[in-house]
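Structural features, examined
Chain residues, written in single-letter form:
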Amino acid sequence: MPAHDVLIIGAGLAGQRAALAAARKGASVAVMSKVHPVRSHSVAAAGGINAAISLDDDWHSHAYDTVKGSDYLGDQDAIEVMCSEAPGEVMELEHIGVTFHRNDKGELDLRAFGGASMKRTAYVADITGQAMLHVLYEQLMKHHETVELFEEWFTTSLLIDEARRCCGVIARDVRSGAMEAFKAKNVILACGGAGQVYKPTTNGLIVTGDGIAMAYRAGAPLMDMEMVQYHPTCLVETGILITEGARGEGAHLLNAAGERFMEKSAPNKMELASRDVVSRAEQIEINEGRGVGPNGEGIYLDVTVVPRRRTLEALREIVNLGRDFAGVDITREPIMIRPGQHYIMGGVKTDADGRTAIEGLYAAGEVACVSVHGGNRLGANSLLDTLVFGRRSGEHAADRAAHMGMPEMDSGARLLEDAAEIEAIIERPRDGRRVSEIKNELGELMNRYAAVFRDEDGLQTALETIGRLKEESQNAWIDDRGTVFNQDVLGAIELGYMIDCAEATVISAIERKESRGAQFRTDYPERNDEQWLKHIDIALNGDGAGGPQVSYSPVTITQWQPEERTY
Ligand SMILES: Cc1cc2nc3c(=O)[nH]c(=O)nc-3n(C[C@H](O)[C@H](O)[C@H](O)COP(=O)(O)OP(=O)(O)OC[C@H]3O[C@@H](n4cnc5c(N)ncnc54)[C@H](O)[C@@H]3O)c2cc1C
């Protein structure tokens, strides 16, 4: 049986950064990913990464912007860690080979991003995630003697011993269908977010909340799950993202009358207010009949105001996306966009070293909630979150491993259970619904009732429907009965993970009876610090039979008292 000091589930930026950190500390490391590492969703990140690296900037200013962006729900101690360590992290990446864009003086160039009080986003054109992911993968090759890669292995569950310590995982080799137990002194979940719970979403098909659901089922609390980010600029038909970098370069948002409507809700920052504010403003224009396009469902993003040469140099990927997916040359005409699901601020509750409530289990990146994003993440703070907390988790786990022996646990029963569950899915009779039908209904449901605007009735409808979908998913059938690359059976398992994430999101959204950050309750339109300046935690206790249990935890405030939030 494979056995490692640190086993990392996920090979996106958080997972690879954790692996590099643990390897540099001398730990034996395994990285497992259900897709080839450089196909991890981090590859899609476009606009850049925040760090106070310019001489006239200061990490305190970055931290304040982040606290304000979070609508004061972010934990300020964790935000201070992230922002103070940001410059070092970006310089480290630069030194190991990420070719960040430079200005005419040869210095790292920085672009403006939403909610930031100055230009502090380092970037590689609009392929920043891809550039970073490839460099980290390259760096891991240097440690091939101590870092083992399990590419195209799908984790099905966590191994938890009787003392409630995490001792490894069960996984399936996607290529052959073989099941295996992996022992580890520490497991780091770096499985990414849960965007596929929504339809449409900017997230790829692999972003299905696996890590969140596995930790939740094992008894680890989730936090801030009600906070789901809608990005202001997604293509109307497909939900594909047009990076915030476009507005950072100066693009305008226009309604049907050609007005820059952001003047009404954010007269100072205009299009560069934080994402929750811009998405709400767009949705109001659409709902009140000032949208553009045949059904008035869109808003114009006008990139033509950016010099064409600059667009072709710094935004070339979205020039291609506009042409290929909307038939629009963004350098010559406005493109139709609307708010779309993009990111989840919530996840597995951790401390600033990535530790969860379960000993030996860590989480970092979008799967985790430290909480540095609180009610709303600032653009370009997620890549930073993956790197800072990926590294810190990797280092902490490696240190812990150095002081303990390999856990002894009999994983046989769990291995048989997971294998039998997969066989049962493959054998299901074709008299229920298809997995894909249930997934579509779930996504559309969430996009209708747990989106930019929410209310009690809609959320209750969502919760009841999720209950039905959960039951239907127990009998949902698939086509592929084989073992080799059976993506169908993995899809059925992922559906279960997504339903768990959706349920936790909706229950938390019902619980929070106020409007803050990405959660706007039309029935409770005001922020209510007196009652709701607190995190909502949600957990399955014991064997999960009692269902999800909600509790609260305090928001850590260090330097910045809550104030009215204006842009
Ligand atoms: C289109 C787009 C553009 C973005 N642009 C930016 C940007 O410019 N700046 C910014 O800061 N943020 C951006 N973001 C957000 C940011 O990219 C993500 O939040 C971040 O990359 C997530 O990284 P991660 O390492 O946590 O997870 P991911 O990169 O999603 O990696 C998850 C890993 O977990 C593995 N995995 C999952 N489940 C299993 C399982 N069951 N078994 C085995 N392996 C599993 C996957 O294979 C993968 O390797 C963007 C997001 C999108 C969608």
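For clarity, every value in this text was computed on a predicted model and none was experimentally measured.

Analysis parameters
Residues numbered from 1 in each chain as written. Predicted model: local features only at pLDDT ≥ 70, side-chain atom pairs only at ≥ 80, totals over all residues. Heavy atoms only, no water. Domains from an automatic or database assignment. Contact = heavy atoms within 4.5 Å. Buried area = accessible area lost by both parts, 1.4 Å probe. Salt bridge = Lys/Arg side-chain N within 4 Å of Asp/Glu carboxyl O. Polar contact = N/O pair within 3.5 Å; in protein donor to acceptor, adjacent residues only side chain to side chain. Helix = DSSP H or I, 4+ residues; strand = E, 2+ residues; numbered from the N terminus. Nonpolar A, V, L, I, M, F, W, Y, C, P; charged D, E, K, R; others polar. 1 Å grid on protein atoms, 1.4 Å probe; cavity = no way out; pocket = protein on both sides within 12 Å on 5 of 7 lines; lining within 4 Å. Points joined across faces, edges and corners; volume = space filled by probe spheres on them. Buried < 20%, exposed > 50% of the residue type's maximum accessible area, 1.4 Å probe, protein only. Core = buried A, V, L, I, M, F, W, Y, C linked by side-chain atoms within 4.5 Å. Expected span 1.5 Å × (residues − 1). Axes fitted to C-alpha atoms, helices over the stretch in contact; angles between N-to-C directions. Parallel < 35°, antiparallel > 145°, perpendicular 65-115°, else oblique.

It is worth spelling out the domain arrangement of the chain at this point. Once the domains are mapped, the chain shows domain 1 (3-227 + 343-402), domain 2 (231-340) and domain 3 (420-526). Between the C-alpha centres of domain 1 and domain 3 there is a distance of 24 Å. Listed as interface residues are 36 residues of domain 1 and, on the opposing side, 35 residues of domain 3. Of the roughly 3000 Å² buried where domain 1 meets domain 3, counting both sides, 60% is carbon and sulfur surface. Our count for the domain 1 to domain 3 interface comes out at four salt bridges. Residues Glu 494 and Lys 34 are paired through a salt bridge, measuring 2.8 Å at the closest nitrogen-oxygen approach. Where domain 1 packs against domain 3, one counts 18 residue pairs in polar contact (both at pLDDT 80 or more). Looking at the side of domain 1 that touches domain 3, the elements with two or more residues in it are strand S7 (153-160) and helix H5 (210-217). It is H5 that contributes the most residues to the side of domain 1 that touches domain 3, six residues altogether. Its residues assigned to classes, the side of domain 1 that touches domain 3 shows 18 nonpolar, nine polar and nine charged.

Attention now moves to the layout of surface pockets. Put simply, the second largest pocket is a space of about 780 Å³. Lining the second largest pocket are 26 residues; nearest its centre among them are Thr 156, Arg 217, Arg 414, Glu 421 and Tyr 497. Those elements that place two or more of their residues in the lining of the second largest pocket are S7, H5, helix H12 (412-427), helix H14 (456-473) and helix H15 (487-511). Its residues assigned to classes, the lining of the second largest pocket comprises 13 nonpolar, five polar and eight charged.

Time to look at the pattern of salt bridges. Under the criterion given, the structure shown has 54 salt bridges. Across the pair Asp 500 and Arg 217 runs a salt bridge, and its minimum N-O distance is 2.7 Å. Taken together, the positions of Asp 500 in helix H15 and Arg 217 in helix H5 put the pair 283 residues apart, joining distant regions of the chain. Put simply, Arg 280 and Asp 276 hold a salt bridge, and the shortest N to O gap is 3.7 Å. Here the residue Arg 280 and the residue Asp 276 both occupy positions in helix H8 (residues 275-287), the gap between them amounting to four residues, near one helical turn. When its relative accessible area of 15% is taken as the criterion, Arg 280 is described as buried. Beyond isolated ion pairs, a larger network of salt bridges with shared partners links Asp 71, Glu 226, Asp 276, Arg 280, Arg 512, Glu 514, Arg 516, Arg 527, Asp 529 and Arg 565.

Right, let's talk about the nonpolar core for a bit. Counting 73 residues, the largest nonpolar core has Leu 158, Val 187 and Met 446 as the members making the most contacts within it. Per element, the largest residue contribution to this core is 15 residues, and it comes from H15. Residues lining this core come from more than one domain, with at least three contributed by each of domain 1 (3-227 + 343-402) and domain 3 (420-526). Apart from residues no more than four positions distant in its own chain, Val 187 is found in contact with Leu 7, Ile 9, Leu 158, Cys 166, Gly 168, Val 169, Gly 360, Leu 361 and Tyr 362. Val 29, Ala 45, Cys 83 and Val 147 belong to the second largest nonpolar core, which has 57 residues in total.

Another aspect to go through is helix H4 (residues 128-141). Helical geometry: 3.6 residues make up each α-helical turn, so side chains three or four residues apart lie on a common side. For H4, with 14 residues, the first-to-last C-alpha span of 21 Å sits near the 20 Å given by 1.5 Å per residue. Among the 14 residues in H4, ten count as buried, and that is most of the element. Regarding H4, the residues found buried are Thr 128, Gly 129, Ala 131, Met 132, Leu 133, Val 135, Leu 136, Tyr 137, Gln 139 and Leu 140. On its buried face, H4 is in contact with helix H1 (13-24), strand S3 (49-50), helix H3 (76-96), strand S5 (121-122), strand S6 (147-151) and helix H11 (382-402).

Moving on to the packing of H1 against H3. In a pair of packed helices, the angle between the axes and the distance between the axes together describe the arrangement. Taken N-terminus to C-terminus, the directions of H1 and H3 make an angle of 80°; their axes are 14 Å apart at the nearest point. Viewed along their axes, H1 and H3 adopt a mutual orientation that is roughly perpendicular. Between H1, through Arg 17, Leu 20 and Arg 24, and H3, the contact on the second element is made entirely by Glu 89, Glu 92 and Ile 96.

Scanning the entire structure with this criterion turns up three cavities of 30 Å³ or more. The volume enclosed by the largest cavity comes to roughly 70 Å³. Lining the largest cavity we find Val 228, Gln 229, Tyr 230, Arg 275, Asp 276, Ser 279, Arg 280, Asn 376, Val 452 and Ala 518. Among the secondary structure elements, those contributing two or more residues to the lining of the largest cavity are strand S11 (228-235) and H8. Ranked by residues supplied to the lining of the largest cavity, first place goes to H8 with four residues. Taken together, the residues that form the lining of the largest cavity break down as four nonpolar, three polar and three charged. By volume, the second largest cavity is sized at about 40 Å³. Looking at the second largest cavity, the residues that line it are Ala 194, Val 197, Tyr 198, Met 225, Val 228, Ile 344, Cys 501, Ala 502 and Thr 505. In terms of residues, the lining of the second largest cavity owes the most to one element, H15, which gives three residues.

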